[in-house]
Every structure is written in structure tokens, then in C-alpha cells.
Amino acid sequence: MEAGGLPLELWRMILAYLHLPDLGRCSLVCRAWYELILSLDSTRWRQLCLGCTKCRHPNWPNQPDVEPESWREAFKQHYLASKTWTKNALDLESSVCFSLFRRRRERRTLSVGPGHEFDSLGSALAMASLYDRIVLFPGVYEEQGEIVLKVPVEIVGHGKLGEVALLASIDQHCSTTRLCNLVFMPAWFSPFMYKTTAGHVQFDNCNFENGHIQVRGPGTCQVKFCTFRNTHVFLQNVPLCVLENCEFVGSENNSVTVEGHPSADKNWAYKYLLGLIKSTPTFLPTEDSDFLMSLDLESRDQAWSPKTCDIVIEGSQSPTSAASSSPKPASKAGSQEAEVGSDGERGAQTPDSSDGGLSPSGEDEDEDQLMYRLSYQVQGPRPVLGGSFLGPPLPGASIQLPSCLVLNSLQQELQKDKEAMALANSVQGCLIRKCLFRDGKGGVFVCSYGRAKMEGNIFRNLTYAVRCIHNSKIVMLRNDIYRCRASGIFLRLEGGGLIAGNNIYHNAEAGVDIRKKSNPLILCNQIHHGLRSGIVVLGNGKGIIRNNQIFSNKEAGIYILYHGNPIVSGNHIFKGRAAGIAVNENGKGLITENVIRENQWGGVDIRRGGIPVLRSNLICFGYSDGVVVGDEGKGLIEGNTIYANKGCGVWMMSSSLPHVTSNHVSYNGLYGVAVFNQKFGSSELPRGHRAQENFSEDGDTILWETELEKEDDPLRRPITIALVESNSINHNGASGLYVQSSEALHVITNVIHANGDRGITVAQSSQLTRVANNSISCNQQSGVKVEAQCKVELRGNGIYDNRGQGIITKGDSTIVIENDIIGNRGSGLQLLPRSDTKISNNRECVMQNNKFLVFKKKSDTWRLVNPPARPHLENSLRRPSAAHNGQKVTAMATRITARVEGGYHSNRSVFCTIL
């Protein structure tokens, strides 16, 4: 800038001494001067803004220490506030002499106070004309009767805020009014400090104490930089009201009540307020922005951020690795077999064999040795993660999540969902923006078809933050809700709307409570460190819960009960002190594509009539079981990856009837799937198998309506027998499937592979357990073991390469039909004393010294002829099983029925097919 040869820094120093009118004139000289005036934002404009007694910090009350984007713009808004309340109003009056001409009347200033023109506000109003300015000088003004505003006026307190107190009840009957820099208190005869039914009122920089404010539609209001102490703002049928940068403290009831559908009759200020809202910056994030909420570091999960896409296994040891958690038989180094146990079961370990599907072989076999090979391939269940979680967990490993499981930003979700975008951009009823609600009973109460939008507010230390009932709708964007004594957000009686991008934490009850047919969209929130559940859906509540982070809550991350039926998709639910998701007391829900990890109890807990659809979720690294189906639990558990949990993959109790299908259950510390009898009651269950307590609000008993939804759900098929079907159950620490139950069970077309104990163990089965068409291979001990007094049907299974016997049975009524029992270390079929077993049409091979006999010529490869289809472990190839100096033999047994009364025949194992 060439102006007298002075540098820019010196010009800025000179201009910093100018007052507001002079700065305005300088900005009109030329473009260079205009840009120079703008460059004074952090110096002179900041000084002018903070030096104005009628102005507060632009980010008050939530962030008074944070600099605004522009001090000049903030000061401009304060400065223009005294003028905009008259926008679009009639400020012209007819001339006395000429009816055809109009002139602009000058506004008068009326002074009220000791030694001034008027002694009271009432006397000044009696003499006021249109748009006059009434200035109250410091003092206390108490009006003995109700003040009726019949003409538009501006009432301003002189001096600092708090020096002018007004004890009055004001009823506005004019089109517009502005009140600024005043302390309002109720008069002795009425709790209402201010009310209007038709006009527009603007409050700037005022304090309200211990009273009520009422605005009824088509009336509107704009409230900025005001403090409400134990004051209730009641908005009824308002088409549009704006509350910005306000503080609500110590309310004995609700701070703000929005009641009734917005009035279709709108006053002159409606369009002005709507334009003002649209012209101000939105709280919706840009695509590259990151939602980082301000909360204390001690309570925040340091290892997790909204864009984290790694799972970090903490500690020096993998929680569920087979080497550290699964029991293994003792053996000497390099030994080929373990000792035979007391029940005749043999477990073998070989240094050159792998638990990844490889058959045992001799150390010195060469390439010319031959194999047996199955002449078919059957497509097994496909993992939800495309196989990325099929490997063993490693200590300290960081596992990259696929891109399909990384959380989207709020902007990305809104761009995908046009309905949600429309909700986020809509403004009806009441807009509450950048306000602070603290230390009271209630925040915002929306009822009876009311509409409210809340952006960038803080709700803290309240009984509850927001309640939405009776067909009302709320839009909540980027609010902080914490330390509520009950639920943070409560929806009831068909309430709905959009709850997106909020930070909800440290609440005594649920973060979000959805009841009685309420149906909100809950999107991209952080809900964490609650003293109970993160989200609870009950009493026929619905809702769409999508793309949220729900973590470190004391009870279930999401709790569904009493016919609650939400859609839960794409959430990350982790590090909870109870279950990730609990479905109880006839709860329903469609639960899809969530990441549920590192929870203290079951990843998903289903009990007492719960009947969810659990599909395509990743349930991993839990400190207990992956999925728990408790007493009378039901539902469809389909296509999930249940991985590396310290307990069982799936734990099912008696009287439960789930359909467990097409899941990948792998690398869990105990059983892959366990079915236990009711004798393991709640007091005797291992840690993590307890039922959650019933949810109640404020510690009181809940009385539920008798009318409950009875609609049929096409996603749920009626099931009368618990069903385990088409799952891949592999590399778990104990048996792949463990059954100790008094009820019927069907186990069909599963891959049960390379588990740390047996493939299937049936310890108790008074009703029939049907095991059909499964592939049971490469397990550390026998393929199938049936204990005494069990009723089991083994039909059409492929039992391959297990390191003990193929089948061991003590059962009373065991049926073994049409199975392929091939390449197992021990006997193909071993009958223990007092077993009653029917055997028919099983394929076998001759074994010598527990090894399969083959030739060394490739042309003599042994194959099954037209075997029934078996599932196989995806991406796993079976390698050769061979022995030296043998010969190939295949045969078919027709039908054998055997009973062994005691001991072994000739002190050797009983081999019941080909001897």
C-alpha cells in the first residue's frame, strides 16, 4: 500500500485509535483502505466488541475463551441488533397535511430514572410513539400493575448489565419490541415477566430471574446473550423462534417448553428470522472436518477417535490365542502320540502337522507318496470380512479394519441419506443454538406435535437434557450432553426426528431412551461412559441407530426390551462393562454390520423372549463370549464373524431357540458353540453369563401398556428346535461344539475344523441331538465324542484327519449312518462300555497302527465314489495323508449293530466297520 510511504504495520497502528464512525468512513476511501480496515480484526475490532457494555463475548456462554472467526462480524451483529428488530415493520406515518406524501419520523429517546424526564417505565410508555427508544438509568423499577405494550418501542438499560432491574409483568399487544441490557424479575402479582401472542419480541443481553416468559403463535421471538435463572420459557404453536448464546441455570422444571404444531399463521418477522438463520454459518460439518468433542481426558477413551480404523490388541499376550488359552494334552517333545486317557480317547501331536487343515505325515516322505483326495468342493459360509479375520490373533497386533467397516463422517452419512439431510436443514418451531443448560431439572421439553432444533448446545448437570413426546419432532446436531441424573435424551409416545453428531456421556441413565412407538434417526453420535446403557429401546420403541460410537458404558451399549424393535447398523460398540448389545424381555431388532468388540460380557446377549435378527456383524476380542443366547432367547444369528473372544463364540442355554447359521466362529478361547443345560442357573454361570437387570427410569418401577405390537416380521422364521447350520467353527480353544442339554438340537452342514479339543462333544442330551452333513476335521482330539445316556444321530458327516478317534461313543441311543470317517489318528469308531450304537452305511478304510494304508504310485490315488456333499473351510486346502509300506483299500459296510458290555475286545480298540 502506497500511502505516504508508510508501512502497513504503522498504518494499522494509526487506524487502531479511530472510533467506529471514522473506521466506516476510512473503509469507503478505496479498496486498499477497505482491506486495511478489515485487517484490524484481532486488534481494533476486538477492542470495540469487548468494550461495548451491551455486548458479550461472541462465544459466550459455552466457549468464552475461544476466539470467534471474525471480531468485526461479531461486533457488527451486536451493533445491528438495535436496528434489525424493526426490519420490514411499518416505520412510516402519514403527514398531517398531505395524505399522498409520507415522511420518515425521527425516533425520540425517552429517559427514565431519578432526575430524568420520567420516573417510571409506565409513564414513559404512556407518552411513547412508534419505535421510540426508552432508556432506563441505573436503579430498580417496580411496576404495580401489568404493563401493556400498545406501540412498538425499544427499552434499553443504561450502564453495565445488572445495574437496571425491572420488576414487572409485560403483555405485548404490538407488532414488535426490543428489550436490551435489563434484569427482569416477576412482579408481586404474577409469575409472568413477559408474554406475547402475536408480535415479535427481541431480547438482547438480558437477565431473567425466577419467572416465566410466554410466546404464543403467530408470535415470534429472538433471544441472544441472555441468562435465565430458574426461569421457564414457554413457546406455544410458534412458527419460528430463535434462542442463541443463552444460559439457562437452576430451573425447577423445564428451562424451555415447545408445545404444539407450528402455527400456519405467520407474522412479519417469520421471513426475517428464516433469512437470518440461513445466512449464519451452519453446524453441519464439511466432508474433511473432524468432530472432536471437548471432554476431560481422564474420561475419554484415548485409544479411539472417530476416524480410527485399527483394532489394537492391548497387553503383551493375545486374549484368545490357542497357545495360551486352550487346554492341551501333555506330551514329550517330538512324540507322535499322547497317552490314552481314561475314556480311551487319544490325542496326538506332531511337530510337522498344522492346525490349519494339514494332514499328519511322516518326516521322511517324498514327493512320490500318494494321497487320498475328496472329489468335490462345496461352497462354505463366506466371512463378513472377506477372510481378513481368519488368521490367529497375535500379541500386540494391530488389525486393519476393511474400508467397509470404517465409520463414515456425518457429512457422508447425510449425503447418502437425503431424508436425513432434509431433516438436518429444516427449521420449524424453535431453534436453540450455542446455549448452555446447567444445574437444573430439565433442559428442553418438546410436546404435543412441537418442533425444535438444537445445535451446538451444552446440557450438563441436569435431571434430563431433552424430552420429546406426543408426536413431536426434534433435530439435535453437535450438542454435548453429560452428567444428567436420568436419561440424556428421552423420546416417548411417537416422538421422532434426527439426533446426529452429539457427544453424550457420563449420564446416570441411558444416553438415549426410546419408548412407545418413538422412531428417531440416531446418527454419528458418541455415546459413552454412561452409568447404565448407552441407548435403550423399549415399550414398542423403534428407531434407526446408525454409524455411532458407543463405548465404555456400565451396562449394555444398546439395550432392547419390551417389544423394542430398532434397526441397528454400522455402529462401533466397544469396551462396555457389560454386553455390547442386549436383547431381553421380548425385544426385537435388526442388528447388522456392527463392530462389537472388547466388551466385558457377551458381545450380544439375547434372553427371555428376545428375538432379534443378528446379521453380518463383527463380534471380536470380548472378555467373555461372542454371542450369548440365554433362557428363552430366540432369533436369527446369521453371517457374523465371531472372533477371538476369551469365552465361547456362541453360548446357548436350554429353552432358547436361536437359528445360528452361516457364521464364522474362530479363535475363541473356549468352545466355538456351547449349548448348556438349565442346571447352570444364573447364580452358577461363569463370569459374563449373567442376565442384565431390567431397565427402569429414575429407579422407579415401569408400568407398561397392555397394547403391544403383534405384527408379523418376515425376517423371522418360526423355529421349534434350536438350529446350528452352515457355520464355520474353527481354531477355537476347546471343542468346536459342546452340548450339555436336555432339549433337542439340530447341527447341520457346519465346518468344524482345527479346534483345540474335540470337534463335537455331546456330554448330555436327553432329547435327540441331530448332527448331519457336517465336515469335522483336523481337531486336536477326536472328531465326535458322545457321553453316556445321550441320544445322538450322526448322519452324513465327513470326519477327517482328527488327531484322536473319528467317533467315540458311550451313548444309549447313538445312530451312526452314512458318515465318511477317514484319516483320523485313532480308531474310526470307538465304542466304549455300555454303549448302544446303531451303525449303517459308513465309508471307512483299513488302518494299520492307526495309519491309513496307500500305495506309492500316483495312479493309485484313493478317492471316494459319489460322496455326499460336505461343506469345507474356505481358502483352506487339505494336504496329503500317507503312510509307509501300506496298500490301498476301500470298502462299504452294510449294517452293523453293536453293544459292548464291558472292557475292550482283546485289549484293543473296537473298529466297527472294516477290521
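In this text, all values refer to a predicted model and were calculated from it rather than measured experimentally. Every residue gets a number counted from 1 within its own chain, in the order that chain's sequence is written. With pLDDT at 70 or above as the cut-off, local features in this predicted model cover only qualifying residues; side-chain atom pairs require 80 or more to be listed or tallied, and sums for whole chains, interfaces and linings still use all residues. With hydrogens and water excluded, all non-hydrogen atoms of the structure serve as input to the side-chain values.

**Quick notes on the overall build of the chain**
Turning to step 1, where the next piece is worked out: Each helix is a run of DSSP H or I of at least 4 residues and each strand a run of E of at least 2, with the numbering of both proceeding from the N terminus. Counting its regular elements, the chain contains 10 helices and 76 strands.
Turning to step 2, where the next piece is worked out: Each accessible area value is a Shrake-Rupley result obtained with a 1.4 Å probe; residue values ignore everything except the protein chains displayed when judging cover. When the accessible surface of the chain is summed, it comes to about 37600 Å², and 50% of that surface belongs to carbon and sulfur atoms.

**Things to note about the packing of aromatic side chains**
Turning to step 1, where the next piece is worked out: When the centres of two rings from Phe, Tyr and Trp lie within 6.5 Å, Trp using its six-membered ring, the rings pair. Their planes under 30 degrees apart give stacked, over 60 give edge-to-face, and anything left gives tilted. Overall, the coordinates contain 18 aromatic pairs when judged by the stated rule.
Turning to step 2, where the next piece is worked out: Plain terms: the ring middles of Phe-248 and Phe-437 are 4.5 Å apart, the flat faces sit at 5 degrees to each other, and that makes the pair stacked. Pair noted here: Phe-248 is in strand β20 (residues 247–249) and Phe-437 is in strand β26 (residues 436–447), with a separation of 189 residues, a long-range link. With respect to class, Phe-248 is no different from Phe-437; both count as buried.
Turning to step 3, where the next piece is worked out: Aromatic side chains Phe-551 and Phe-574 sit 4.9 Å apart centroid to centroid with 10 degrees between the ring planes, which places their arrangement in the stacked category. Separated by 23 residues along the polypeptide, Phe-551 in strand β39 (residues 549–551) and Phe-574 in strand β42 (residues 572–574) bring together distant segments of the chain.
Turning to step 4, where the next piece is worked out: Among the residues examined, Phe-551 registers a relative accessible area of 2% and is labelled buried.
Turning to step 5, where the next piece is worked out: Ring pairing ties together the aromatic residues Phe-184, Tyr-194, Phe-203, Phe-208, Phe-228, Phe-248, Phe-437 and Phe-459, which thus form one cluster.
Turning to step 6, where the next piece is worked out: The residue whose ring lies beneath Lys-195 is Phe-192, and the NZ or CZ to ring-centre distance is 5.5 Å.
Turning to step 7, where the next piece is worked out: In this scheme, Lys NZ or Arg CZ marks a charge over a ring once it lies within 6 Å of the ring centre and within 35 degrees of the ring normal. Above the face of the Tyr-464 ring, Arg-467 is positioned so that its terminal group lies 4.4 Å from the ring centre. Exposure categories follow from relative accessible area, calculated using a 1.4 Å probe and restricted to protein chains: below 20% of the type maximum is buried, above 50% is exposed, and the middle band is partly exposed.

**Some details on the pairing of strand β50 (residues 634–638)**
Turning to step 1, where the next piece is worked out: Pairing between strand β47 (residues 613–615) and β50: three bridges, direction parallel. If you follow Arg-615 over to β50, its bridge partner there is Glu-638.
Turning to step 2, where the next piece is worked out: Pairing between strands is defined by DSSP: at least two bridges between them are needed. In this sheet, strand β53 (residues 657–661) lies alongside β50 in parallel orientation, the contact comprising five bridges. Its bridge partner being in β53, Glu-638 is matched across the sheet by Thr-661.

**A closer look at the pattern of salt bridges**
A side chain of one charge can pair with a side chain of the opposite charge if their charged atoms are brought near each other.
Turning to step 1, where the next piece is worked out: A pair is scored as a salt bridge if a Lys or Arg side-chain nitrogen falls within 4 Å of a carboxyl oxygen belonging to Asp or Glu. Taken as a whole and assessed by the stated rule, the structure comprises 27 salt bridges.
Turning to step 2, where the next piece is worked out: Where Asp-204 meets Arg-178, a salt bridge forms, and the shortest distance between an N and an O atom there is 2.8 Å. Residue Asp-204 is found in strand β13 (residues 200–204), and its partner Arg-178 is found in strand β10 (residues 176–180); the two are separated by 26 residues along the sequence. Considered together, Asp-204 and Arg-178 belong to a single accessibility category, that of buried residues.
Turning to step 3, where the next piece is worked out: Ionic pairing is found between Glu-787 and Lys-785, a salt bridge with its closest N-O pair at 3.3 Å. Each member of the pair, Glu-787 as well as Lys-785, is classed as buried.

**Re a nonpolar patch on the surface**
Turning to step 1, where the next piece is worked out: The grouping of Leu-10, Met-13, Ile-14 and Tyr-17 at the surface amounts to a nonpolar patch, some 440 Å² of accessible area in total.
Turning to step 2, where the next piece is worked out: Inspection of the secondary structure puts Met-13 in helix α1 (residues 8–15).
Turning to step 3, where the next piece is worked out: In this structure Met-13 comes out as exposed when scored by relative accessible area, which is 53%. Only residues whose relative accessible area exceeds 30% and that form no salt bridge enter a patch; like-charged residues are grouped when within 9 Å of one another, and nonpolar side chains (Val, Leu, Ile, Met, Phe, Trp, Tyr) when within 5 Å.

**So, the environment of Gly-811**
Turning to step 1, where the next piece is worked out: Topologically, Gly-811 is positioned in the loop between β66 (807–809) and β67 (813–817).
Turning to step 2, where the next piece is worked out: Put simply, Gly-811 and Val-786 are 25 residues apart on the chain and 5.7 Å apart in space, counted from C-alpha to C-alpha.

**Quick look at the confidence of the model for the chain**
Turning to step 1, where the next piece is worked out: Per-chain confidence: the chain averages 77 in pLDDT, with 71% of residues scoring 70 or above.
Turning to step 2, where the next piece is worked out: What pLDDT reports is the predictor's confidence in each residue, on a scale of 0 through 100. The contact criterion used is simple: two residues touch if any of their non-hydrogen atoms lie within 4.5 Å. Predicted confidence is poor over residues 875–915, with pLDDT under 50, and the contacts of this stretch with residues over four places away or in other chains come to 112 contacts.

**A word on helix α3 (residues 31–38)**
Turning to step 1, where the next piece is worked out: Along α3, the residues classified as buried are Trp-33, Leu-36 and Ile-37. Down the axis of α3, the buried set is contained in an arc of 100 degrees. They therefore lie on one face.
Turning to step 2, where the next piece is worked out: As for α3, its buried residues are in contact with α1, α2 (20–26) and α4 (41–51). Of all possible arcs, the one meant is that of the directions from the helix axis to the C-beta atoms.

**Overview of the packing of α1 against α3**
Turning to step 1, where the next piece is worked out: Geometry is summarised by axes, namely lines fitted to C-alpha atoms with helices restricted to the contacting stretch, and by angles between N-to-C directions that run from 0 to 180 degrees. Two numbers describe how α1 lies on α3: the axes approach to 10 Å, and their chain directions differ by 70 degrees. In this view, α1 runs roughly perpendicular relative to α3, as classed from their interaxial angle. Handedness of the crossing formed by α1 with α3: right-handed. Within the contact between the two elements, α1 uses Leu-8, Trp-11, Arg-12 and Leu-15 and α3 uses Trp-33, Leu-36 and Ile-37.
Turning to step 2, where the next piece is worked out: Residue type decides the class: Asp, Glu, Lys and Arg count as charged, Ala, Val, Leu, Ile, Met, Phe, Trp, Tyr, Cys and Pro as nonpolar, and the leftover types, Gly among them, as polar. Of the residues that constitute the contact of α1 with α3, the class distribution is six nonpolar, no polar and one charged. Just so you know how the angles are binned, under 35 degrees is roughly parallel, over 145 roughly antiparallel, 65 to 115 roughly perpendicular, and the rest oblique. Left-handed describes a crossing whose near helix is turned anticlockwise from the far helix by less than a right angle; the clockwise case is right-handed.

**Brief notes about unusual backbone geometry**
Turning to step 1, where the next piece is worked out: Of note, the bond from Trp-60 into Pro-61 is cis; its omega dihedral lies within 30 degrees of zero at 5 degrees.
Turning to step 2, where the next piece is worked out: Residue placement: Pro-61 occurs in the loop between α4 and α5 (71–84).
Turning to step 3, where the next piece is worked out: Going from Gly-217 to Pro-218, the amide bond is cis rather than trans, its omega being 10 degrees.
Turning to step 4, where the next piece is worked out: Summarising the element assignment, Pro-218 is placed in the loop between β15 (212–216) and β16 (220–224).
Turning to step 5, where the next piece is worked out: A positive phi angle, close to 55 degrees, is found at Glu-598, a residue other than glycine.
Turning to step 6, where the next piece is worked out: Following the sequence through the fold, Glu-598 ends up in the loop between β45 (595–597) and β46 (604–606).

**Here we look at the packing of α4 against α5**
Each pair of packed helices can be described by the angle between their axes along with the distance between the axes.
Turning to step 1, where the next piece is worked out: For the pair α4 and α5, interaxial distance at closest approach is 8 Å and the crossing angle is 25 degrees. For the element pair α4 / α5, the angle class is roughly parallel. The element α4 and its partner α5 pack so that their crossing is left-handed. Counting all contacts with α4, which are made through Asp-41, Ser-42, Trp-45, Arg-46, Leu-48, Cys-49 and Leu-50, the residues of α5 involved are Trp-71, Arg-72, Ala-74, Phe-75 and His-78.

**So, the state of the cysteines**
Turning to step 1, where the next piece is worked out: Here, the term disulfide refers to a pair of cysteine sulfur atoms separated by no more than 2.5 Å. The final tally for this structure, using the stated rule, is zero disulfides.
Turning to step 2, where the next piece is worked out: Distance from the sulfur of Cys-430, which forms no disulfide, to the nearest cysteine sulfur (Cys-241) is 6.1 Å.

**Considerations on helix α7 (residues 269–279)**
Each full turn of the α-helix corresponds to 3.6 residues, which orients residues three or four apart in the same direction.
Turning to step 1, where the next piece is worked out: The set of residues buried in α7 consists of Ala-269, Tyr-270, Tyr-272, Leu-273 and Ile-277. Taken end-on, α7 shows its buried residues confined to a sector of 165 degrees, consistent with a single buried face. Away from its buried face by more than 90 degrees, α7 exposes Lys-271, Lys-278 and Ser-279.
Turning to step 2, where the next piece is worked out: The elements touched by buried residues of α7 are α5, β13, β16, β19 (240–244) and β25 (429–433).

**As for the pairing of strand β58 (residues 737–741)**
Turning to step 1, where the next piece is worked out: In terms of burial, β58 is largely enclosed, as five of its five residues are buried.
Turning to step 2, where the next piece is worked out: Sheet analysis places strand β55 (residues 673–676) next to β58, joined by four bridges and oriented parallel. Residue pairing in the sheet places Ala-674 in a bridge with Tyr-738 of β58.
Turning to step 3, where the next piece is worked out: Of the pairings in the sheet, the one linking β58 to strand β61 (residues 760–772) comprises five bridges and is parallel in character. Counted as the bridge partner of Ser-741 is Ser-765 from β61.

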